[in-house]
Amino acid sequence: MVSLYRKYRSKTFDELIGQDHVRRYFANALDRKEISHAYIFTGPRGTGKTSTARLLAKVLNCCDPDGYNPCNNCDNCRAIDEGSFMDVIELDAASNRGIDEIREIRDSTNYRPVHGKYKVYIIDEFHMLTKEAFNALLKTLEEPPEHVIFILATTNLEKVPQTIISRAQLINFKNIREKDIVMLLKRVSAQEGVTIDEKSLSIISKRAKGGARDALSLFEQVMKFCSKEVTSSETLSILGLFDDNMVEEFISFLISGDVDNLLKLSSDLFESGKEPEALIEQSIEKLFIKIKNDKNYALVKLVRELNEVNKDLKYSENKKAVFEIYVTSLAYGYKKLDIHYESNVISQVVNSIEEGFFTEDSEQVCEGDYHIMLQKLANDSSKMNLGLFFALRDKSYDISEGRLTIFFPEESSIEYQITKKYLSELKINVLGTFKGVSEVKPVFAGDVKKDFPSNQDISSKLFS
Ligand SMILES: Nc1ncnc2c1ncn2[C@@H]1O[C@H](COP(=O)(O)OP(=O)(O)O)[C@@H](O)[C@H]1O
Ligand SMILES: [Mg+2]
Ligand SMILES: [Zn+2]
């Protein structure tokens, strides 16, 4: 059986979801016949880079294109779909990293296309090419023959030298929004003759974290077990997830310090064969929502602690022991603090600085105070937060469209790397400080040093 994500590869630009800017860009370019010789497609996996590369290859070589879309029916379109078209060459740089392949490509660019109008070279994950191979590629990009187009795809633009980026048109693929993924799943399930409830659609789209390919794989996994009708309880159990009630229970046992019930929950959990990481991840998601809606700051700390638990669980051999040690010790701690999960009372632990900068929630507005966040980081004695404080203290930043962007000048390579290393901790702090902000993006102006800075580097920075 062909996997769903292959079966439902977008056949027209109009079927490509969540990337309207990409469709518009190519619609215009094709209309004006302004085709560039090199494109870089960058963005997370499963968001449509390879699909778009093939679409472009098809429409450029199609015998009977329909506006900016290929006909999908002529010999050329069909051959490209089957991967047998001589003028469209795909190379996966993750497995062919070397100079030989690139030399071969370079030599072959000199020959005219055999069947189509353009020779299209699609190089996937091209940031993995060796240095030599990169240089050879660069040479080719310097003087590309008229009939040649390179489409270079990468999930990791940071690893691509500026010299290549500056020779290509850069096209950014974005994570796909949940509601767009839901639409895709609805279309596919209808075509597969499967009914699926809204709750399952929402569960799957959340898990996919912006990737259409992952969404289709998860859906396929569920479909295999459910025949023609998918319900949310089946979806949860097949995907190893927990229902809302259990997540709520887990959190409230933690906060109320109910160790007995936590241990009972733990044995049920391990008996069911599900992963504790999933429970913790779902709890973190729920807590985030809670923090946002109820302005219950005391929960930020719990999120951070749960995040730590998951890090440790990932590498541990005896998950049950690690899970139980952590959750019981958390529970004992919270018992003493007497925090309330269900609280409209702004939490007990929030001190005066934290009060008063969460006003009414509204999705559009982004507000927050960078200095207050810094102050919070500085007041927390963990190494991570202090590191973040020093890394962020004198940086310029921008808040818009739900995102906090922090700019690191060229001489701040170490600060940038510290920030990237502790990004998930930073996110937790940002979420607790800024209203309407759900994303953090560090941006660096220079070339990144490959290695993480040594402790000596860091301390010389910190105390300079
Ligand atoms: N933007 C999108 N719209 C619709 N389907 C998509 C999209 N992105 C990915 N897919 C689905 O995921 C599969 C893999 O996508 P692909 O283009 O190979 O992603 P990438 O190259 O970015 O990793 C496609 O065949 C398609 O089923
Ligand atoms: Mg791809
Ligand atoms: Zn065609």
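Residues numbered from 1 in each chain as written. Chains lettered and ligands numbered in written order. Predicted model: local features only at pLDDT ≥ 70, side-chain atom pairs only at ≥ 80, totals over all residues.

A. Region of interest: the site of ligand 1. The immediate surroundings of ligand 1 are formed by 22 residues, with Arg9, Gly48, Thr50, Ser51 and Ala212 found nearest. Among the secondary structure elements, those contributing two or more residues to the shell around ligand 1 are α1 (4–7), α3 (49–61) and α10 (212–226). For the shell around ligand 1, the residue count by class is nine nonpolar, eight polar and five charged. Shared between two domains, the shell around ligand 1 holds at least three residues of each, these being domain 1 (4–172) and domain 2 (178–238). (Near = placed C-beta within 6 Å. Helix = DSSP H or I, 4+ residues; strand = E, 2+ residues; numbered from the N terminus. Nonpolar A, V, L, I, M, F, W, Y, C, P; charged D, E, K, R; others polar. Domains from an automatic or database assignment.)

B. Here's a closer look at unusual backbone geometry. A positive phi angle, close to 55 degrees, is found at Lys33, a residue other than glycine. Along the chain, Lys33 falls in the loop between α2 (20–32) and β1 (38–42). Given 6 C-beta atoms within a 10 Å radius, Lys33 is considered exposed. One non-glycine residue, Asn72, lies in the positive phi region at around 65 degrees. In this structure, Asn72 sits in the loop between α3 and α4 (75–82). In this structure Asn72 comes out as partly exposed when scored by C-beta crowding, with 18 C-beta atoms within 10 Å. (Buried ≥ 20, exposed ≤ 12 C-beta atoms within 10 Å, placed from the backbone.)

C. Here's a closer look at the confidence of the model for the chain. Overall, the predicted model of the chain reaches an average pLDDT of 85, with 88% of residues at or above 70. Averaged pLDDT values over the elements of the chain bottom out at 54 in helix α21 (residues 455–462) and peak at 97 in α3. This stretch, residues 343–364, has a pLDDT under 50; its non-local contacts, to residues over four places away or in other chains, come to 33 contacts. (pLDDT = per-residue confidence, 0-100. Contact = placed C-beta atoms within 7 Å.)

D. Fine view of the sheet that holds strand β2 (residues 88–92). An order of β2-β3-β4-β1-β5 is seen for the five strands of this open sheet, with the pairing classed as parallel. Of all strands in the sheet, those with a lone pairing partner are β2 and β5 (169–172), marking the two edges. With direction set aside, neighbouring strand axes in the sheet form an average angle of 15 degrees. Inspection of the sheet shows β1 paired to β5 by four bridges, in the parallel sense. Its bridge partner lying in β5, Tyr39 is registered against Gln169. (Pairing = 2+ DSSP bridges. Axes fitted to C-alpha atoms, helices over the stretch in contact; angles between N-to-C directions.)

E. Highlighting helix α8 (residues 178–192). Counted at 1.5 Å a residue, the expected span for α8 with its 15 residues is 21 Å, and the 21 Å between its end C-alpha atoms agrees. Within the span of α8, buried status applies to Ile181, Leu184, Leu185 and Val188. Looking straight down α8, one finds its buried side chains confined to an arc of 100 degrees; they lie on one side. Along α8, the residues that are exposed and aim more than 90 degrees away from the buried face are Lys179 and Ala190. Looking at the packing, one finds that the buried side of α8 touches α1, α9 (198–207) and α10. (Expected span 1.5 Å × (residues − 1). Arc of directions from axis to C-beta.)

F. Here's a closer look at the nonpolar core. Of all hydrophobic cores here, the largest spans 48 residues; its most connected members are Leu254, Leu299, Val303, Val327, Ala331 and Val430. No other element matches helix α15 (residues 298–314), which puts seven residues into this core. No fewer than three residues from each of domain 3 (244–337) and domain 4 (352–462) sit in this core. Ignoring any residue separated from it by four or fewer positions in sequence, one finds Leu299 in contact with Leu287, Lys290 and Ile291. With 41 residues, the next largest nonpolar core counts Leu55, Leu60, Leu137 and Ile149 among its residues. (Core = buried A, V, L, I, M, F, W, Y, C linked by C-beta atoms within 7 Å.)

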